[in-house]
Amino acid sequence: MTRTTAPRLRTLLLLLLAVTGALLAGASPASAHAALTGSDPAQGVVAGRAPAQVSLTFSEKVAMGDDSVRVLDPRGTPVQTGAPAHVSGTTYAVKLKNGLAKGTYTVTYQVVSADSHPVAGAYTFSVGAPSPTVVAGTAPAAGGGAVGGLYAVGRYVSYAGFLVLVGGAAFVLACWQRGAGVRAVQRLVVGGWIALTAATLWLLLLRGSYTTSGKFADVFDLDLLGQVLQTKTGAALVSRLLLLAAAALFVAVLFGTYTRRTDLTEKRDLTFGLAVGGVVVAAGLATSWAMAEHASTGLQPGLAMPVDVVHLLAVAAWLGGLTALLTALYRAPAEQPVEAAAVRRFSRLAFGSVLALVATGVYQSWRQLGSWSAFTGTRYGQLLLAKIALVVVLVGIAGLSRRWTGRLTDGTADAGQERQKTEALAAGTERERRTEQATAADAGQSESVPAREERVAGADVRERVSATGTARGAAGDGAPGGKDGDPGGTGGDPGDARRAAQLARQRAAVDAARQKRLRDADENRFGLRRSVLAEAGVALVLLAVTTALTQTEPGRTEQEAKAATSSPAGSGTSAASGTLTLDMPFDTGGADGKGVVRVGLDPARVGGNEMHLYVQRPNGRAFDVPEVKVSFTLEAQKIGPLPVNPDHITTGHWSASGVQLPVAGDWKIAVTVRTSDIDQATVSKNAQIG
């Protein structure tokens, strides 16, 4: 068993590296969590006159800097003025210089989504007529390259450290309190704390470069670090470091003062205090993720963040506790093996964690996907299917572990009685051996000791040889030939002292091997160790898939972006029918506040027009909002806004006839959508009329 343990662990490590590498290689800056759902001017549009500004609409709110949006003329010269401004909802705009010449202009943007991921992109539009341009038209590099890969690795290590730290401590307190004194378990939990602390510092340093230039040289830029500390993600990372300081105190008490307590009442009180403090610190650490990632934005953030905290704690209790159990089964001292009762308690803890994971996972899946088609039609859904499959496999293996645990429980009493008999027999034999050694040393009869040991040890040849050498050394040291003033006699021959020390080490190794053989002889314990090892292997892959999920655009967001761009925004008038159709995504900021409003104007000419307005949810279904209002403005001639109040026709459909537009020009069409008593947003696009 000892020879096969290391190869198995190496195999698991290689599997982890392979899966992590494949998943991280598939991740790219395009896997951000906010998507550009609209722009004005739109992609590829040829405008008759130069626009006064460029506006961008995203699927969620984003953070922008002074240079987040740039507009470059055909020669690559910036033509924007000032910093981008927040217009409404998720729409942002930057002003342009007056008197722009004809030609093709390139818009580049680099922002940070509300769930902390960088978003970058670029597109072109033209004024008057398209022209050659020296601008490449590619998006800035943000969130990719070597820095992006290192950031992804840091995220994985931080998750793994959190699971081991929280789950290992929970296993000790809730399942195996004697494990607080086991060196291997102590090293595991402390290692989790070190990994989480180092990864958090690493992420804090990388954050500035990760969201801006993507250059490794900017990792130690103090100006960038200062900017990071002012963001939501920077505050979350700093909060995590402060909580880790409290976690260090918790670990010191758990593996220090707690192990030295002998009074049952005092230990019970300390256990309760550690449990309460540990839950508070663990929940705080989990919140540092929830407050800065998926749960903090989108649909129902007030409910999603507590659910995310429960989800993370359940994962830690299950997979982190599983890691601690695996360590105890393989690395605990032979004289202090993990008891069947402790395994049984962990089995109950793991079962409760799985129930919590299922409940929170169903809610999170609905929130991030929004439709069944997103399971197969988006990368997030495909990764989620892989995660679900791994969880099913993990639960199946856990079922086998529960069976081994039940068998281990049934044999506990017999095994305990047998162990007591063995220990009593070994103690009697040891006392008899020491008595004869002392007698032989006094009489100078060194040869009687091995003879007696041969009769006691029986067939164990290795142990008999070790015992014989030790007895001979003891007898020779006590003989009259020893050096005066040296009771042990070892000073007379340094070689004898070295041989005695070597033989003592051999005896200790033989004793430890014998105890380990006795422990491993239990086939139920052996089966449990194998099943738990298999669980740990699947858990490593599951953690890699989960890390990739956190870096992938949620299916709901991806489908919203597709719905918003399914027809060309601001496409203009259809040559066949003369109908103008505009699609404008909106986000009122409240619950169920996202959707797309489509305005149709026929014939889109001077005089009377018939207008139809449709409001849809991101999944394409009709959306009956409480109120919609439309206005038309011709800013060039200072006409308007001309208000229009359409009539509600049916679910998600409004109409107005006789909409009068007095002159031709570039009209601004603004639509105000109200989704609740307090949540509303105004979105707008320009269109050529006449």
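Residues numbered from 1 in each chain as written. Predicted model: local features only at pLDDT ≥ 70, side-chain atom pairs only at ≥ 80, totals over all residues. Heavy atoms only, no water.

Within the largest apolar cluster, 71 residues are counted, with the highest numbers of intra-cluster contacts made by Phe162, Leu165, Trp176, Leu254 and Leu319. Considering every element that reaches this core, the biggest residue donor is helix 8 (residues 301-331), with 14 residues. In contact with Leu165, other than residues within four places in its own chain, are Val189, Gly192, Trp193, Leu196, Leu244, Ala247, Val251 and Leu285. Ranked by size, the runner-up nonpolar core spans 29 residues in total, among them Met584, Phe623, Val659 and Val671. (Core = buried A, V, L, I, M, F, W, Y, C linked by side-chain atoms within 4.5 Å. Buried < 20%, exposed > 50% of the residue type's maximum accessible area, 1.4 Å probe, protein only. Helix = DSSP H or I, 4+ residues; strand = E, 2+ residues; numbered from the N terminus. Contact = heavy atoms within 4.5 Å.)

On the surface, Leu150, Phe216 and Phe220 cluster together to form a nonpolar patch covering roughly 300 Å² of accessible area. Take Phe220: it is sitting in the loop between helix 3 (183-211) and helix 4 (222-229). (Patch = residues over 30% accessible without salt bridge, like charges linked within 9 Å, V, L, I, M, F, W, Y side chains within 5 Å. Areas by Shrake-Rupley, 256 points an atom, 1.4 Å probe, with all protein chains shown as cover. Salt bridge = Lys/Arg side-chain N within 4 Å of Asp/Glu carboxyl O.)

Here we come to the packing of aromatic side chains. Using the criterion set out here, one finds 10 aromatic pairs in the structure. Seen from their ring centres, Tyr105 and Phe125 are 5.8 Å apart, and the 20 degrees between their planes marks the pair as stacked. Of the two residues, Tyr105 is situated in strand 8 (residues 103-113) and Phe125 in strand 9 (residues 118-127); the sequence distance between them amounts to 20 residues. You'll find Tyr105 and Phe125 in the same group, each marked buried. Plain terms: the ring middles of Phe171 and Phe346 are 5.8 Å apart, the flat faces sit at 75 degrees to each other, and that makes the pair edge-to-face. Residue Phe171 is located in helix 2 (residues 145-174), and its partner Phe346 is located in helix 9 (residues 340-369); the two are separated by 175 residues in the primary sequence. Three or more aromatic residues joined by ring pairs form one cluster here, namely Phe58, Tyr92 and Tyr109. The side chain of Arg240 reaches across the aromatic face of Trp289, ending 3.9 Å from its centre. (Phe/Tyr/Trp six-rings, centres within 6.5 Å; stacked < 30°, edge-to-face > 60°. Lys NZ or Arg CZ within 6 Å of the ring centre and 35° of its normal.)

Counting through the fold element by element, Thr633 comes out in strand 13 (residues 627-634). Overall, Thr633 belongs to the buried group, its relative accessible area being 16%. For Thr633, the residues in contact, after removing those within four places along its chain, are Ile639, Gly640, Pro641, Asp666, Trp667 and Lys668.

This brings us to the environment of Ala340. Position of Ala340 relative to the elements: it lies in helix 9. Residues Ala340 and Thr405, 65 residues apart in the sequence, show an inter-C-alpha distance of 7.1 Å.

Attention now moves to helix 3. For helix 3, built from 29 residues, the straight-helix expectation of 42 Å at 1.5 Å per residue is met to within 8% by its first-to-last C-alpha distance of 41 Å. Maximal helix bending in helix 3 amounts to about 35 degrees, located at Leu205. (Expected span 1.5 Å × (residues − 1). Bend = angle between axes of the 7 residues up to and from the residue.)

On to the pattern of salt bridges, then. Applying the stated criterion across every chain yields a total of eight salt bridges. Across the pair Glu266 and Arg261 runs a salt bridge, and its minimum N-O distance is 3.6 Å. Take Arg261: its relative accessible area is 34%, and that puts it in the partly exposed class. In this structure, Asp583 and Arg598 form a salt bridge, with 2.6 Å as the shortest nitrogen-oxygen distance. With Asp583 in strand 10 (residues 580-587) and Arg598 in strand 11 (residues 594-602), the pair connects residues that are 15 residues apart, well separated along the chain. Of the residues examined, Asp583 reaches a relative accessible area of 2% and is grouped as buried. When its relative accessible area of 30% is taken as the criterion, Arg598 is described as partly exposed.

It is worth spelling out the environment of Val315 at this point. Tracing the backbone shows Val315 in helix 8. Classification of Val315 by relative accessible area gives buried; the value is 17%. Val315 sits 153 residues away from Phe162 along the chain, and the two C-alpha atoms are 9.9 Å apart. Once residues within four sequence positions are removed from consideration, Val315 is found in contact with Leu163, Gly320 and Leu357.

A few words on helix 2. In an α-helix, one full turn covers 3.6 residues, which means residues spaced three or four apart are oriented alike. Its 30 residues place the ends of helix 2 43 Å apart at the C-alpha level, agreeing with the 44 Å of an ideal helix rising 1.5 Å per residue. The buried fraction of helix 2 is high, at 21 of 30 residues.

Next up on the list: the pairing of strand 7 (residues 91-96). Regular strands place side chains that alternate from one sheet face to the opposite one. Most of strand 7 sits inside the fold, with five of its six residues counted as buried. By the bridge criterion, five bridges tie strand 3 (residues 53-58) to strand 7 in an arrangement that is antiparallel. Its bridge partner being in strand 7, Val54 is matched across the sheet by Val94. Relative to strand 7, strand 6 (residues 80-88) runs antiparallel, the two sharing five bridges. By the bridge assignment for strand 7, Ser88 is matched with Thr91. A loop of two residues connects strand 6 with strand 7, the two strands running antiparallel in sequence, and Gly89 in this loop sits at a positive phi of about 55 degrees. (Pairing = 2+ DSSP bridges.)

The contact between helix 2 and helix 16 (residues 523-550) brings their axes to 10 Å, and the two run at 130 degrees. Judged on the interaxial angle alone, helix 16 and helix 2 are oblique. The way helix 2 lies across helix 16 gives a crossing that is right-handed. Counting all contacts with helix 2, which are made through Ala152, Arg155, Tyr156, Tyr159, Ala160 and Leu163, the residues of helix 16 involved are Leu540, Leu543, Ala544, Thr547 and Thr550. Of the residues belonging to the contact of helix 2 with helix 16, the class tally is eight nonpolar, two polar and one charged. (Axes fitted to C-alpha atoms, helices over the stretch in contact; angles between N-to-C directions. Parallel < 35°, antiparallel > 145°, perpendicular 65-115°, else oblique. Left-handed = near helix turned anticlockwise from the far one by under 90°. Nonpolar A, V, L, I, M, F, W, Y, C, P; charged D, E, K, R; others polar.)

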